[in-house]
Amino acid sequence: ATSIKLNWTCTFPEACQDMRGICRLALPSSPPCEAEEVTGEEMLQGQQGIFTCPLLQPFTPYSVTIYLPPSTVLFTWQFQTKETVPDKPQNLSLDASAGVLRWSALPPCKGEILGYQLSITARSAHESSFLEVERLRVNGSVTEYKLPDHRPGHTYVVTVQGLTAAGAGAASRQEFPGSGLETSAPLNGSSSGAHGISPSQGTAVLPLRPITQPYTAQSEHQLIVAARQDPAALASICSSDLQPFNANQQHRAYVAAVLNLTAPTDFVLGDGTSQHGYYNAPLQPDSNYTVLLRLVRRGQQAEKFTCVCYSISA
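Residues numbered from 1 in each chain as written. Predicted model: local features only at pLDDT ≥ 70, side-chain atom pairs only at ≥ 80, totals over all residues. Heavy atoms only, no water.

As annotated in an unreviewed UniProt entry, the protein is PTPRU phosphatase from Crypturellus undulatus.

Given below as structure tokens:
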């Protein structure tokens, strides 16, 4: 993306004296992707070597010329430097009344903008244990996104990244505090605390309720166990791909069980049973945990994670 190296060989030694290499912009640059002209040239010694053009701009056309002064061109080649990841999007904002996120379009200076990657975490002021994380991708011509379940009483943490063929660039992150009163309670996401905690047996009883949401008939819920975390870390755990319990990595969050949850039920966490490849490991004494009941929905361009959080002190 920022340099070119050219292996060269001269098969006629008498023609190699005073041979030089030079790099130039192949086309005049123009806003918004202005590139500085490359300065200087290099004397090419011997009959073979490597000629390097450093400090180039990504995704920009250049030409390499090998010549004999004053103007005998021996070789010329035009190329375009590779793409790199884009800069972070600017001017991220939320229209609170309409529930529409907006950002400024990224220029194609470091590569063609293939799309934008969004991560949206919603927290309810009414029920702090309930959170939703939505991850999606929109195409490169889109610079706004309407939150499908926007509720004024929710706080939203949003990150937006541009995407080129080289990958995702730096993220623009913004927190938008909720304004006004909530017009509705979270979608069946409230929870009471764990009870029946037995440090000697490493168990706790969780009163689980299905996470019901519009337009979904899913009943498969995952139960995730993690060390006590701050809210930002919980959002990351809620939307992460997690593995079953591993005794060598007890500090990591893990899936303890997958439940076909269709009605309220009491679940014994830490009873040592294994089902569907997941181990419901006993809780360690004198430890603090956060347990997440998670519902996952995935589509072609988007995935949504809804979690209800429980705090446990074993």
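Engineer: How would you explain the sheet that holds strand β3 (residues 41-43) if you had to name every residue and give the values?
Structural biologist: Strand order in the open sheet made by the four strands is β3-β2-β5-β6, with antiparallel pairing throughout. Both outer strands of the open sheet, β3 and β6 (72-80), are each paired with one neighbouring strand and no more. With direction set aside, neighbouring strand axes in the sheet form an average angle of 20°. The pairing of strand β2 (residues 20-25) with β3 spans three bridges and is classified as antiparallel. What sits directly across from Gly21, in β3, is Glu42. (Pairing = 2+ DSSP bridges. Helix = DSSP H or I, 4+ residues; strand = E, 2+ residues; numbered from the N terminus. Axes fitted to C-alpha atoms, helices over the stretch in contact; angles between N-to-C directions.)

Engineer: Can you lay out the pairing of strand β16 (residues 203-208) for me, pointing to particular residues and giving the numbers?
Structural biologist: Along β16, six of the six residues are buried, which leaves the element largely enclosed by surrounding structure. Of the two faces of β16, the one holding Thr203, Val205 and Pro207 and the one holding Ala204, Leu206 and Leu208 are both buried throughout. Hairpin connection between strand β15 (residues 195-198) and β16: a loop of four residues separates the two successive antiparallel strands, and Gly202 in this loop has a positive phi of roughly 70°. Where β16 lies against strand β19 (residues 265-269), five bridges are found, and the strand directions are antiparallel. When the sheet's bridge partners are listed, Val205 is paired in β19 with Val268. (Buried < 20%, exposed > 50% of the residue type's maximum accessible area, 1.4 Å probe, protein only.)

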